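Structure at a glance
These are the residues of each chain, in order.
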Amino acid sequence: DSGVTQTPKHLITATGQRVTLRCSPRSGDLSVYWYQQSLDQGLQFLIQYYNGEERAKGNILERFSAQQFPDLHSELNLSSLELGDSALYFCASSVGQDGYTFGSGTRLTVV
Amino acid sequence: KNEVEQSPQNLTAQEGEFITINCSYSVGISALHWLQQHPGGGIVSLFMLSSGKKKHGRLIATINIQEKHSSLHITASHPRDSAVYICAVRGTYKYIFGTGTRLKVLA
């Protein structure tokens, strides 16, 4: 157990639907990062939050949004899902530049 | 041309060999990250570097900011080192990933 908890582990949903992925960071970590890993695109950075505020934004689609709550857990919302959104979604947390820890990921399948 | 290039893409080694994986980038960065992704999909952060060299066990990572190049070395490789090794660079507000090096260490 890395200390970063992602739920659910697997998710199967239909096109057009909306899902929410959840990430609980390691205790004491203020930063949360979201990544998408698809077969054809590899790992891509989506967004970073630090202590509740958006810190950096990557290749995140407008149909996707995220937030970090006061208890530091984060949620990634994916809406109007398309087949191409099928991927592994990873969350990571860190305190400073070191101590970077990944969760085990959520595998999303859109059918 | 990708902003982050890794070489080799695939590498097969015999147990005990010294392994080097390279990462070159073309953008300004604040830090470079080496990640290890196991066959089951889990990702482990190995190193984050902004200068010089870091060592952890049999792993050594170096970075040359002027040459925009980093290397990950594995000494006395072992079959359990078999994984995909990914280089990622952190710019001011973005992260860019290399496509990874798939390493297989044979017993």
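Residues numbered from 1 in each chain as written. Chains lettered and ligands numbered in written order. Predicted model: local features only at pLDDT ≥ 70, side-chain atom pairs only at ≥ 80, totals over all residues. Heavy atoms only, no water.

1. Some details on the interface of chain A and chain B
Put simply, the rule reads: Whether two residues touch is decided by their heavy atoms; if any such pair falls within 4.5 Å, the residues are in contact. Note on terms: buried area is the combined drop in 1.4 Å-probe accessible area of two parts once they are placed together, counting the loss on both. Between Lys or Arg on one side and Asp or Glu on the other, a salt bridge is scored when a side-chain nitrogen of the former is within 4 Å of a carboxyl oxygen of the latter. Distance and chemistry together define a polar contact, namely a pair of N or O atoms within 3.5 Å, with one atom able to donate a hydrogen and the other to accept it when in protein, and with adjacent residues in sequence counting only for side-chain atoms on both sides. Only DSSP runs of H or I with at least four residues qualify as helices, and only runs of E with at least two residues qualify as strands; both kinds are numbered from the N terminus onward. Gly falls in the polar group here, along with every residue not listed as nonpolar (Ala, Val, Leu, Ile, Met, Phe, Trp, Tyr, Cys, Pro) or charged (Asp, Glu, Lys, Arg).
Contact residues are listed per partner, giving 15 residues for chain A and 17 residues for chain B. Both faces combined, the contact of chain A with chain B buries some 1,400 Å², and carbon together with sulfur accounts for 60% of it. Our count for the contact surface shared by chain A and chain B stands at zero salt bridges. Linking chain A with chain B are one residue pair in polar contact (both at pLDDT 80 or more). Counting only elements with at least two residues in the side of chain A that touches chain B, the list comes to strand 4 (31–38), strand 5 (42–50), strand 6 (53–57) and strand 10 (98–102) of chain A. Here the residues of the side of chain A that touches chain B are counted per class, giving eight nonpolar, four polar and three charged.

2. So, the state of the cysteines
Residues and elements named next belong to chain B. Quick reminder of the rule: Disulfides are defined as pairs of cysteine sulfur atoms found within 2.5 Å of each other.
One pass over the structure, following the stated rule, counts two disulfides over all chains. Two residues share a disulfide in this structure: Cys-23 and Cys-87, whose sulfurs sit 1.9 Å from each other. Around the S-S axis, the bridge from Cys-23 to Cys-87 shows a dihedral of about -55 degrees and counts as left-handed. Note that Cys-23 is positioned in strand 3 (residues 19–25) and Cys-87 in strand 9 (residues 83–90), a separation of 64 residues in sequence.

3. Regarding empty space enclosed by the protein
If a probe as big as a water molecule is rolled over the atoms, it shows which places are left empty. All names here are of chain B. Test applied: A cavity here means a set of 1 Å grid points, computed over protein atoms only, where a 1.4 Å probe fits but cannot escape. A pocket is an open set with protein on both sides within 12 Å along at least 5 of 7 lines, and lining residues have an atom within 4 Å of a point. Grid points are joined across faces, edges and corners, and a volume is the space filled by probe spheres set on the points.
Under the criterion given, the structure shown has one cavity of 30 Å³ or more. A volume near 30 Å³ is recorded for the largest cavity. As for the largest cavity, its lining consists of Ala-31, Leu-32, His-33, Met-48, Ala-88, Val-89, Arg-90 and Tyr-95. Looking at the lining of the largest cavity residue by residue, the class counts come to six nonpolar, one polar and one charged.

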